[in-house]
Amino acid sequence: MPATKLYNLTAKVGFIGLGLMGSRLTRRLHGAGWNIRAWNRSPEPAAETSKDGVAIAPSVEDLVAHADVILSSLANDAAVRSVYFDNGGVFSAARPGIVILEMSTISPELSRQLHREASTRGIKLLDVAISGSTPAVDAGTITLLAGGDNGTFEQCVPIFESVARQWFLIGPGSSGVQMKLVVNLLLGIDMQAIAEAVSLGVHLQIDRNVLLDVLSRTAVIAPAMAGKFRKIKDSDYSPEFPLRLMSKDMDLVMDAARKSGADLPAASAAQSVLASNVLTRGELDLSAITPFVIGEVRSDEV
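Let me begin by describing the structure that accompanies this report. Worth saying up front: this structure is predicted, and the values here are computed from it rather than measured.

## Thoughts on the pairing of strand β5 (residues 99–102)
On β5, burial covers both faces: Val-99 and Leu-101 on one face and Ile-100 and Glu-102 on the other are all buried. Two strands pair when backbone bridges link them, and β5 and strand β6 (residues 124–131) are joined in this way by 4 bridges, in the parallel orientation. By the bridge assignment, Leu-101 is partnered in β6 with Leu-126. Crossover connection from β5 via helix α6 (residues 108–120) to parallel β6: handedness right-handed.

Structure, rendered in structure tokens:
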């Protein structure tokens, strides 16, 4: 028999990680009527989220012990490894049958390790990578890319409906993470291409406002990138998707390419530009590479 779909009035949901994405996902689930508690490694984001009426758990162990389903959205491999495998972490507290939706962009190797550990403990785990930045989370228009068991995927559709526009089961465990790397390869190259196109237009002395307005309306610009032109025009690089996370994802892309034998010359160039800016501009939006590519700032300038 297929597993019963999760129901917002009865399922107890725990959310781990209250960064730019996790805090917004938590608020959407809370607003959709899910019985949700959250936990974050640092207290400030948890305090902010609690202002919206979301209960905050005192520890990961307490959160997991009292939940039917756990979602996590964390910054990188190190954070995921610590939260899941450390003493008092997710796996030490999770009981057989609990559902885990791990939504971080991490290496396929770590994702497979999570799936193996979950399987040995009788835990139902999906890797559910997110395609879309903060405005898409706010609007409920993200795309979810999942890897794992079809029955668990179908069981979780009500949660997906609360936060996303569309969701896909890509294949077995870690397939969602791998698909996310494919998607973010395009994101990184698209941003590099836009920055170079703007740079050429500026150096050709095309009126900057005309240049940005016309480029943003051409058919070659992906809809997800259209908003970047407003950020460039206004020099407003407040983060929708931080440059440091894009750089981390491109590192994962290049590592996956090396291990699989794929040759990605354009991605390599984009990775280099991101790496040149991550120390001084890493907290800004990924579109902040544009003034660097134009030559308006150096990599050692904030």
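## A closer look at the packing of aromatic side chains
Per the counting criterion, the structure on display carries 4 aromatic pairs. Ring plane angle 45 degrees and centroid distance 5.3 Å describe the contact between Phe-153 and Phe-160, whose orientation is recorded as tilted. Clustering of aromatic rings is evident, with ring pairs tying together Tyr-84, Phe-85 and Phe-91.

## Regarding the side chain of Ser-175
Along the chain, Ser-175 turns up in helix α10 (residues 175–203). Ser-175 has contacts with Asp-127, Gly-147 and Ile-170, leaving out every residue within four places of it along the chain.

## So, helix α1 (residues 20–31)
Its 12 residues place the ends of α1 17 Å apart at the C-alpha level, agreeing with the 16 Å of an ideal helix rising 1.5 Å per residue. Two residues or fewer after α1 comes Gly-33, characterised by a positive phi angle close to 95 degrees.

## Some thoughts on helix α11 (residues 208–216)
Every buried residue belonging to α11 is among Leu-211, Leu-212 and Leu-215, and all of these are buried. Seen from one end, α11 has its buried residues packed into an arc of 90 degrees, which puts them on one side. Its side-chain oxygen 3.1 Å from the backbone nitrogen of Asn-209, Asp-207 forms the N-cap of α11.

## Examining a nonpolar patch on the surface
A contiguous nonpolar surface patch, about 460 Å² in accessible area, is contributed by Leu-200, Leu-204, Ile-206, Val-210 and Val-214. With respect to the helices, strands and loops of the structure, Val-214 is situated in helix α11.

## A look at the pattern of salt bridges
As enumerated under the stated definition, the model contains 17 salt bridges in all. Residue Asp-255 pairs with Arg-258 through a salt bridge whose shortest N-O separation is 3.8 Å. Residue Asp-255 and its partner Arg-258 are located together in helix α13 (residues 243–260), separated by 3 residues, close to a single helical turn. By relative accessible area, Asp-255 is classed as partly exposed at 24%. Through salt bridges with shared partners, a single ionic network connects Glu-109, Arg-112, Asp-255, Arg-258 and Lys-259.

## Things to note about empty space enclosed by the protein
Using the criterion set out here, one finds 1 cavity of 30 Å³ or more in the structure. Within this model, the largest cavity holds a volume of roughly 30 Å³. Considering the residues around the largest cavity, the lining is formed by Gly-188, Met-191, Gln-192, Ala-270, Val-273, Leu-274, Leu-286 and Ile-289. Contributing elements (two or more residues each) for the lining of the largest cavity: α10 and α14 (265–281). In the lining of the largest cavity, the residues fall into 6 nonpolar, 2 polar and no charged.

## Quick look at the nonpolar core
Among the nonpolar cores identified, the biggest contains 33 residues, and Leu-71, Leu-101, Ile-142, Leu-144, Ile-159 and Phe-160 are the most heavily contacted of them. Looking at this core element by element, the count peaks at 4 residues for helix α9 (residues 157–163). Non-local contacts of Leu-144, meaning those with residues more than four positions away in its chain, are made with Met-103, Val-128, Ala-129, Ile-130, Phe-160, Val-163, Ala-164, Gln-166, Trp-167 and Phe-168.

## Some details on the side chain of Thr-152
Following the sequence through the fold, Thr-152 ends up in helix α8 (residues 150–155). With relative accessibility at 3%, the residue Thr-152 sits in the buried group. Among residues more than four places away in sequence, those in contact with Thr-152 are Val-99, Lys-124 and Leu-126.

## Brief notes about the layout of surface pockets
Here the largest pocket defines a volume of roughly 1200 Å³. Forming the walls of the largest pocket are 48 residues, and the residues nearest its centre are Met-21, Ile-130, Gly-132, Ser-133 and Phe-241. Going through the elements one at a time, α1, β6, α7 (134–139), β7 (142–147), β8 (164–171), α10, α12 (226–234) and α13 are the ones with two or more residues in the lining of the largest pocket. Considering every element that reaches the lining of the largest pocket, the biggest residue donor is α10, with 6 residues. Of the residues in the lining of the largest pocket, the class split is 22 nonpolar, 17 polar and 9 charged.

## Observations concerning the sheet that holds strand β4 (residues 69–72)
Ordered in space as β3-β2-β1-β4-β5-β6-β7-β8, the 8 strands form an open sheet in which the pairing is mixed. Bordering the open sheet on either side are β3 (55–56) and β8, each of which pairs with just one other strand. Bridge count for β4 against β5 is 4 bridges, and the pairing is parallel. Considered in β5, the bridge of Ile-70 is made with Ile-100. Sheet strands in contact with α6 are β5, β6 and β7, and its direction is about 155 degrees off that of β6.

Definitions and limits used
Residues numbered from 1 in each chain as written. Predicted model: local features only at pLDDT ≥ 70, side-chain atom pairs only at ≥ 80, totals over all residues. Heavy atoms only, no water. Buried < 20%, exposed > 50% of the residue type's maximum accessible area, 1.4 Å probe, protein only. Helix = DSSP H or I, 4+ residues; strand = E, 2+ residues; numbered from the N terminus. Pairing = 2+ DSSP bridges. Right-handed = clockwise from strand over helix to strand, strands pointing away. Phe/Tyr/Trp six-rings, centres within 6.5 Å; stacked < 30°, edge-to-face > 60°. Contact = heavy atoms within 4.5 Å. Expected span 1.5 Å × (residues − 1). Arc of directions from axis to C-beta. Polar contact = N/O pair within 3.5 Å; in protein donor to acceptor, adjacent residues only side chain to side chain. Patch = residues over 30% accessible without salt bridge, like charges linked within 9 Å, V, L, I, M, F, W, Y side chains within 5 Å. Areas by Shrake-Rupley, 256 points an atom, 1.4 Å probe, with all protein chains shown as cover. Salt bridge = Lys/Arg side-chain N within 4 Å of Asp/Glu carboxyl O. 1 Å grid on protein atoms, 1.4 Å probe; cavity = no way out; pocket = protein on both sides within 12 Å on 5 of 7 lines; lining within 4 Å. Points joined across faces, edges and corners; volume = space filled by probe spheres on them. Nonpolar A, V, L, I, M, F, W, Y, C, P; charged D, E, K, R; others polar. Core = buried A, V, L, I, M, F, W, Y, C linked by side-chain atoms within 4.5 Å. Axes fitted to C-alpha atoms, helices over the stretch in contact; angles between N-to-C directions.

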